Amino acid sequence: MNKISLQLYVIGPSVFSRIAIEHVQEMIRQHPEHQFQLDIIDVLEHPESAELNKIIATPTLIRTDRAPNCRVVGDMSNRQRLRELLGLNHVQRPPEKNQPG
């Protein structure tokens, strides 16, 4: 099983933060073939982490398990683009049932 490490930088309990968290969690549920590590980092509580990782806008999602790190900035609402940028463009679909001929 592939392990994917993600860091989602947000600012407090804002609407934009909640929307981004929901979209990332939904993406994770759509990819059961991967094991995800999702760290949600509030830049108000951990400004040093935001500075170290050069976060200039929130929400920002970073995939950290490969180089170069992939970054996505925004509310994460474009799920197809999010999957492509993170290298998850193959959505696992249930097998089709045989239809009577």
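Above this text you will find the structure in question.
Note that the structure is a prediction, hence the values are computed from the model and not measured.

Peer 1: Can you walk me through the overall build of the protein in this structure?
Peer 2: Assigned secondary structure in the protein consists of three helices and four strands. Ordering the α and β elements of the protein from the N terminus gives β-α-β-α-β-β-α. Per-residue burial for the protein yields a buried fraction of 35% across its 101 residues. Considering only contacts in the protein between residues 6 or more positions apart, those separated by 24 or more positions represent 64%. Taken as a whole, the protein presents about 6,800 Å² of accessible surface, with 51% of it coming from carbon and sulfur.

Peer 1: Looking at this structure, how should I read the sheet that holds strand β4 (residues 70–73)?
Peer 2: Through backbone hydrogen bonds, the strands of a sheet pair up, either in parallel or in antiparallel fashion. Taken together, the four strands give an open sheet; going across it, the order is β2-β1-β3-β4, and neighbouring strands pair in mixed fashion. Of all strands in the sheet, those bounded by a partner on one side alone are β2 (34–42) and β4. Within this sheet the neighbouring strands show an average axis-to-axis angle of 20°, counted without direction. The pairing of strand β3 (residues 60–63) with β4 spans four bridges and is classified as antiparallel. Its bridge partner lying in β4, Thr60 is registered against Val73. Running over the sheet, helix α1 (residues 15–29) touches β1 (2–10), β2 and β3 and is turned about 170° from β1.

Peer 1: Would you take a moment to explain unusual backbone geometry for this structure?
Peer 2: Excluding glycine, residues mostly have negative phi values, and the peptide bonds linking residues are mostly trans. With an omega of -5°, the peptide bond between Thr58 and Pro59 qualifies as cis. Looking at where Pro59 falls in the secondary structure, it is placed in the loop between α2 (47–52) and β3. Its identity as a non-glycine residue notwithstanding, Lys54 has a phi of 55°, on the positive side. Looking at Lys54, the relative accessible area reads 65%, which means it is exposed. Non-glycine residue Met76 carries a positive phi angle of around 65°. Its relative accessible area of 4% is what places Met76 among the buried residues.

Peer 1: In this structure, what is going on with the pairing of β2? I would like to understand it.
Peer 2: Each regular strand shows side chains that alternate between the opposite faces of the sheet. Sheet topology places β1 next to β2; nine bridges connect them, and they run parallel. The residue bridging Ser5 from the neighbouring strand is Gln37, located in β2. In this fold, the crossover linking β1 to β2 by way of α1 has right-handed handedness.

Peer 1: Even after reading the chapter, I still don't get α1, so can you show me in this structure?
Peer 2: An α-helical segment advances 3.6 residues per turn. Residues three or four places apart therefore align on the same side. With 15 residues, α1 ought to run about 21 Å at 1.5 Å a step, and its terminal C-alpha atoms sit 21 Å apart, in line with that. Ser17, Ala20, Ile21, His23, Val24 and Met27 are the residues of α1 that are buried. In a view along the axis of α1, the buried residues occupy a sector of 165°, so they form one face of it. Here the buried face of α1 lies against β1, β2, β3 and α3 (79–85).

What counts, and where the lines are drawn
Residues numbered from 1 in each chain as written. Predicted model: local features only at pLDDT ≥ 70, side-chain atom pairs only at ≥ 80, totals over all residues. Heavy atoms only, no water. Helix = DSSP H or I, 4+ residues; strand = E, 2+ residues; numbered from the N terminus. Buried < 20%, exposed > 50% of the residue type's maximum accessible area, 1.4 Å probe, protein only. Contact = heavy atoms within 4.5 Å. Areas by Shrake-Rupley, 256 points an atom, 1.4 Å probe, with all protein chains shown as cover. Pairing = 2+ DSSP bridges. Axes fitted to C-alpha atoms, helices over the stretch in contact; angles between N-to-C directions. Right-handed = clockwise from strand over helix to strand, strands pointing away. Expected span 1.5 Å × (residues − 1). Arc of directions from axis to C-beta.

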